[in-house]
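Fold and contact review
The primary structure of each chain is shown beneath.
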Amino acid sequence: MLLQTIEECGELIKAISKYNRVRGLGQPTEVTLEEAYENLLCELVDVQICLDHVRYLMNIGVETFESRRLDAVIKVMNRRLHDEWNKRLESERNDMGTC
């Protein structure tokens, strides 16, 4: 199952790359935005199915997983808020210096 998960993650990476290319980031492609979006969505679903199966096989309960996921989300949000706060403070300091 882990090898299949690796394969599916690789396919997701390719789908993300193709989606970005359709949006003008990188080499042009003849795939439409709708096709790239649909492929990305399908690959996301495939990866999620694999991850759910790995979690099941490793006996990682939903509560344990969700607790860890929420901790990670909170950490990222706190980091972003901290960075934004520092940018605002720096901007205010710069504005005060130009008076």
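Predicted model, so just to flag it, every value in this text is computed and none were measured.

**Let's talk about the overall build of the protein**
From N to C terminus, the protein includes three helices and zero strands. In the protein, the succession of α and β elements from N to C terminus is α-α-α. Radius of gyration (C-alpha) of the protein: 20 Å, far over the 13 Å computed for a compact globule of 99 residues. Within the span of the protein, comprising 99 residues, buried residues form 11% of the whole. Intrachain contacts of the protein at a sequence separation of at least 6 include 56% that bridge at least 24 residues. For the protein, the accessible area works out to roughly 8400 Å², and carbon and sulfur atoms hold 58% of it. Across the protein, 13 positive and 18 negative side-chain charges occur, with their mean positions spaced 7 Å apart.

**Overview of the environment of Gly24**
On the secondary structure map, Gly24 appears in the loop between helix H1 (2-22) and helix H2 (33-57). Residues Gly24 and Arg68, 44 residues apart in the sequence, show an inter-C-alpha distance of 36 Å.

**Considering the packing of aromatic side chains**
In this description, an aromatic ring pair is defined by two values, namely the gap between the centres and the angle between the planes. In the structure shown here, the tally under the stated rule is zero aromatic pairs. In this arrangement the basic side chain of Arg55 is found over the ring face of Phe65, its NZ or CZ atom lying 4.8 Å from the centre.

**Section: the pattern of salt bridges**
Inspection of the entire model under this criterion finds four salt bridges. Between Arg55 and Asp52 there is a salt bridge, with its nearest N and O atoms 3.5 Å apart. Of this pair, Arg55 and Asp52 both sit in helix H2, three residues apart, roughly one helical turn. Here Arg88 and Glu84 are joined by a salt bridge, their closest N and O atoms 3.4 Å apart. Note that Arg88 and Glu84 are positioned in helix H3 (residues 62-97) at a spacing of four residues, about one turn of the helix. Given the relative accessible area of 52%, Arg88 is considered exposed. On the basis of relative accessible area, Glu84 is assigned to the partly exposed category, the value being 36%.

The rules behind each value
Residues numbered from 1 in each chain as written. Predicted model: local features only at pLDDT ≥ 70, side-chain atom pairs only at ≥ 80, totals over all residues. Heavy atoms only, no water. Helix = DSSP H or I, 4+ residues; strand = E, 2+ residues; numbered from the N terminus. Rg over C-alpha atoms; globule rule 2.2 N^0.38 Å. Buried < 20%, exposed > 50% of the residue type's maximum accessible area, 1.4 Å probe, protein only. Contact = heavy atoms within 4.5 Å. Areas by Shrake-Rupley, 256 points an atom, 1.4 Å probe, with all protein chains shown as cover. Lys, Arg positive; Asp, Glu negative; His and termini not counted. Charge placed at Lys NZ, Arg CZ, Asp CG, Glu CD. Phe/Tyr/Trp six-rings, centres within 6.5 Å; stacked < 30°, edge-to-face > 60°. Lys NZ or Arg CZ within 6 Å of the ring centre and 35° of its normal. Salt bridge = Lys/Arg side-chain N within 4 Å of Asp/Glu carboxyl O.

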